[in-house]
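# Fold and geometry: a report
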Amino acid sequence: MRRLTKRDIENIIGSTVKGYRVEAARIKDGPFTDSNHYGFILGKNAQGHYVTWHFHLLDDESVSVYWGHYHMEDRDAAVRDFDTRN
């Protein structure tokens, strides 16, 4: 697993992951040497439901998501969660 870059984030935004269109992504901020190997995604599916996920890139550059918080149609809650997850 490698460090995420600004270009990685730019490539992820607008893509679709597990049926959710990625509206925002950012690199994890933290005190550990590998914190910047992880990030967070804010996504929305076709039904208007929002999710925030923790993610990293696999060796083949695909996005691996986990630790999802699901917010149904509450975009404000999803954005708050996206902004505060660390």
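What counts, and where the lines are drawn
- Residues numbered from 1 in each chain as written.
- Predicted model: local features only at pLDDT ≥ 70, side-chain atom pairs only at ≥ 80, totals over all residues.
- Heavy atoms only, no water.
- Salt bridge = Lys/Arg side-chain N within 4 Å of Asp/Glu carboxyl O.
- Buried < 20%, exposed > 50% of the residue type's maximum accessible area, 1.4 Å probe, protein only.
- Helix = DSSP H or I, 4+ residues; strand = E, 2+ residues; numbered from the N terminus.
- Lys, Arg positive; Asp, Glu negative; His and termini not counted.
- Polar contact = N/O pair within 3.5 Å; in protein donor to acceptor, adjacent residues only side chain to side chain.
- Contact = heavy atoms within 4.5 Å.

Summed over all chains, the structure comprises 3 salt bridges. The partner of Asp 8 in a salt bridge is Arg 2, and the shortest N-O contact between them spans 2.7 Å. The exposure class of Arg 2 is partly exposed, given its relative accessible area of 33%. Its salt-bridge partner being Arg 75, residue Glu 23 comes within 3.1 Å of it at the nearest N-O pair. Placement of Glu 23 in strand E2 (residues 20-27) and of Arg 75 in helix H2 (residues 75-84) is noted, with a sequence separation of 52 residues between them.

This part takes up the side chain of Arg 26. Among the structural elements, Arg 26 can be located in strand E2. Asp 83 provides the closest opposite charge to the buried, salt-bridge-free Arg 26, at an N-O distance of 5.4 Å. Polar contacts involving the side chain of Arg 26 include one to the main-chain carbonyl oxygen of Phe 82, which spans 2.7 Å. Polar side-chain contacts of Arg 26 include one of 2.4 Å to the backbone oxygen of Arg 85. Not counting residues within four places of it along the chain, the set of residues in contact with Arg 26 comprises Ile 9, Gly 39, Phe 40, Phe 55, Phe 82, Asp 83, Thr 84, Arg 85 and Asn 86.

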